[in-house]
Amino acid sequence: MAKRKQRADQMDDDDGGEDSDRSLVDVDFDFFDPNPDVDYLALKRLLAQLFQTDAELLETTDLADLILSQPLVGTTVKCDGRESDPYAFLTALNLHVHQTRPSVKALIEYTLAKAAPEPSFYAALQGLIGPPALTSTNHIGFIFSERLINMPVQVVPHMYRMLANEIQWALDENEPYNFTHFLFLSRIYRLSPEEEAEMQAPVPRTKRRKQAVAAPPSGVYPFHPEDELIRRVATHALDYSFTNVQPREKDAFGLDMGGRMMLVPADRLRELVAMLSEAYAAPS
């Protein structure tokens, strides 16, 4: 049984003038609980997409097993029924409860190492997932959120609303989802000044860009637009380079990619849901 159905009109708009040809594709997105019998391989691919070259450091096989072991918290988005592969995934893992799992040990070590250059962030994480803190009752939830490229951002508010509801229902059943904070890991890419200039350069009317993107001063862009809203409710946030990144030559193809880590108080989750719903409402 699907949790919810949403129709998205995806427009392929490569032309910007009055004579432009536009094609609309109607896609029905269904929201499901995670399905351990079907979702494993697709989930592994999404984990590899999130962590990129650092995926081998993070025991993603064990992490996928762990995520799928709690099918009542979390949401997948599919187009062809429950037995099809998920195009998007969102869930929360209790790092304290699962601290002995290889993947969680690796994730804790990884996030502490990445936060080390930012003393205030590092101190906050040490107080939550450092060795002494892992025996406390202040639990932190790791938010895993990833989707295929070109998935519409309008599915995101529904997924986070469902997550907030499911966490509350789990708490009502005395399940271990009483978090003080959530830790988000996401992806960013960096553009050189030359690449930014090329991206912002005027283009012919017949080849207008789908959407103008304002260049941030730092040249750092999120892969997921909702990250900017998550940063607004975060107490700490930082961008970092991947550990296993290969040196990028000046004229090389591809993007200079990295990670983004954000720490959000758990009591701001509902506020975040409201912000996402307002910013990314489904087209009427």
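Everything numeric here is computed off the predicted structure, so don't read it as measured data.

Engineer: Would you mind going over the packing of aromatic side chains with me for this structure?
Structural biologist: Working definition: an aromatic ring pair is given by the centre-to-centre distance plus the angle between the planes. One pass over the structure, following the stated rule, counts eight aromatic pairs. Between phenylalanine 89 and phenylalanine 144 the ring centres are 6.0 Å apart and the planes differ by 45 degrees, which places this aromatic pair in the tilted class. In this pair, phenylalanine 89 sits in strand E4 (residues 88-94) while phenylalanine 144 sits in strand E5 (residues 139-147), placing the two residues 55 residues apart along the sequence. Among the aromatic residues, ring-to-ring pairing joins Tyr110, Tyr240 and Phe242 into one connected group. Positioned over the ring face of phenylalanine 32 is lysine 78, at 5.9 Å from the centre of the ring. Cation over ring: arginine 187 sits above phenylalanine 223, and NZ or CZ is 4.2 Å from the ring centre.

Engineer: For this particular structure, what's the right way to read helix H3 (residues 102-115)?
Structural biologist: Counting along an α-helix, one turn takes 3.6 residues, and residues three or four places apart therefore face a common direction. The first and last C-alpha atoms of H3 sit 20 Å apart over 14 residues, in line with the 20 Å expected at 1.5 Å per residue. When you tally the buried positions in H3, you get ten out of 14 residues, the bulk of the element. Along H3, the residues classified as buried are Ser103, Val104, Ala106, Leu107, Ile108, Tyr110, Thr111, Leu112, Lys114 and Ala115.

Engineer: Any chance you could explain the confidence of the model for the protein here in plain terms?
Structural biologist: Keep in mind that low pLDDT regions are not for reading the predicted coordinates in detail. Scored by pLDDT, the protein has a mean of 87; 82% of the residues are at 70 or more. Across residues 11-20, where pLDDT falls below 50, the model places 26 contacts with residues more than four positions away in sequence or in other chains. Taken as a whole, residues 206-212 scores under 50 in pLDDT and shows 19 contacts with residues more than four places along the chain or in a different chain.

Engineer: Would you mind going over the packing of helix H2 (residues 60-68) against H3 with me for this structure?
Structural biologist: A pair of packed helices can be characterised by two numbers: the angle between their axes and the separation between those axes. Two elements in contact, H2 and H3, have axes whose closest approach is 8 Å; the angle formed by their N-to-C orientations is 110 degrees. Classified by the interaxial angle, the pair formed by H2 and H3 is roughly perpendicular. Seen along the crossing, H2 lies across H3 with a hand that is left-handed. Judged by residue contacts, Asp62, Leu63 and Leu66 of H2 engage Pro102, Ser103 and Val104 from H3.

Engineer: Is there a simple way to think about the packing of H3 against helix H4 (residues 119-129) in this case?
Structural biologist: Close contact between H3 and H4 brings their axes to 8 Å; oriented N to C, the two are set at 155 degrees. When the interaxial angle is binned, H3 and H4 end up roughly antiparallel. Handedness of the crossing formed by H3 with H4: left-handed. Along the contact surface, H3 presents Ile108, Thr111, Leu112 and Ala115, while H4 presents Phe121, Tyr122, Leu125, Gln126 and Ile129. Here the contact of H3 with H4 is composed, by residue class, of seven nonpolar, two polar and no charged.

Engineer: Looking at this structure, I do not really get the nonpolar core. What am I missing?
Structural biologist: Generally speaking, nonpolar side chains in soluble globular proteins are found buried as a group. One finds Phe51, Leu125, Ile129, Phe144 and Met261 to be the most contacted residues of the largest nonpolar core, which totals 38 residues. For this core, the element with the most residues is H3, which contributes seven residues. The next biggest cluster of nonpolar side chains, apart from the first, holds 37 residues, and it includes Met162, Ile230, Ala266 and Leu269.

Engineer: Can you help me understand unusual backbone geometry in this one?
Structural biologist: For residues other than glycine, phi is negative in most cases, and the peptide bonds are mostly trans. With a phi angle near 55 degrees, glutamine 52 is a residue other than glycine that sits in the positive phi range. By the element assignment, glutamine 52 lies in the loop between helix H1 (40-51) and H2. By relative accessible area, glutamine 52 is classed as partly exposed at 27%. Despite not being glycine, asparagine 150 has its phi angle at roughly 75 degrees, a positive value. Locating asparagine 150 in the fold gives a position in the loop between E5 and helix H5 (155-172). Residue class for asparagine 150 comes out exposed when judged on its relative accessible area of 67%.

Engineer: Please explain the pattern of salt bridges as it appears in this structure.
Structural biologist: Any two side chains of opposite charge can pair, so long as their charged atoms come close to each other. Tallied over the full model, the rule gives ten salt bridges. When the shortest N-O distance is used, the salt bridge between arginine 187 and glutamate 146 registers 3.0 Å. In this pair, arginine 187 is assigned in strand E6 (residues 179-190) and glutamate 146 in strand E5, connecting sequence segments 41 residues apart. Take arginine 187 and glutamate 146: they sit in the same class, and that class is buried. Here glutamate 226 and arginine 147 are joined by a salt bridge, their closest N and O atoms 2.7 Å apart. Here glutamate 226 is found in the loop between strand E7 (220-222) and helix H7 (227-233), whereas its partner arginine 147 is found in strand E5, with 79 residues between them in sequence. Taking relative accessible area as the criterion, glutamate 226 reaches 2% and is therefore assigned buried. The structure contains a network of salt bridges with shared partners spanning Glu228, Asp239 and Arg260.

Rules behind the numbers
- Residues numbered from 1 in each chain as written.
- Predicted model: local features only at pLDDT ≥ 70, side-chain atom pairs only at ≥ 80, totals over all residues.
- Heavy atoms only, no water.
- Phe/Tyr/Trp six-rings, centres within 6.5 Å; stacked < 30°, edge-to-face > 60°.
- Helix = DSSP H or I, 4+ residues; strand = E, 2+ residues; numbered from the N terminus.
- Lys NZ or Arg CZ within 6 Å of the ring centre and 35° of its normal.
- Expected span 1.5 Å × (residues − 1).
- Buried < 20%, exposed > 50% of the residue type's maximum accessible area, 1.4 Å probe, protein only.
- pLDDT = per-residue confidence, 0-100.
- Contact = heavy atoms within 4.5 Å.
- Axes fitted to C-alpha atoms, helices over the stretch in contact; angles between N-to-C directions.
- Parallel < 35°, antiparallel > 145°, perpendicular 65-115°, else oblique.
- Left-handed = near helix turned anticlockwise from the far one by under 90°.
- Nonpolar A, V, L, I, M, F, W, Y, C, P; charged D, E, K, R; others polar.
- Core = buried A, V, L, I, M, F, W, Y, C linked by side-chain atoms within 4.5 Å.
- Salt bridge = Lys/Arg side-chain N within 4 Å of Asp/Glu carboxyl O.

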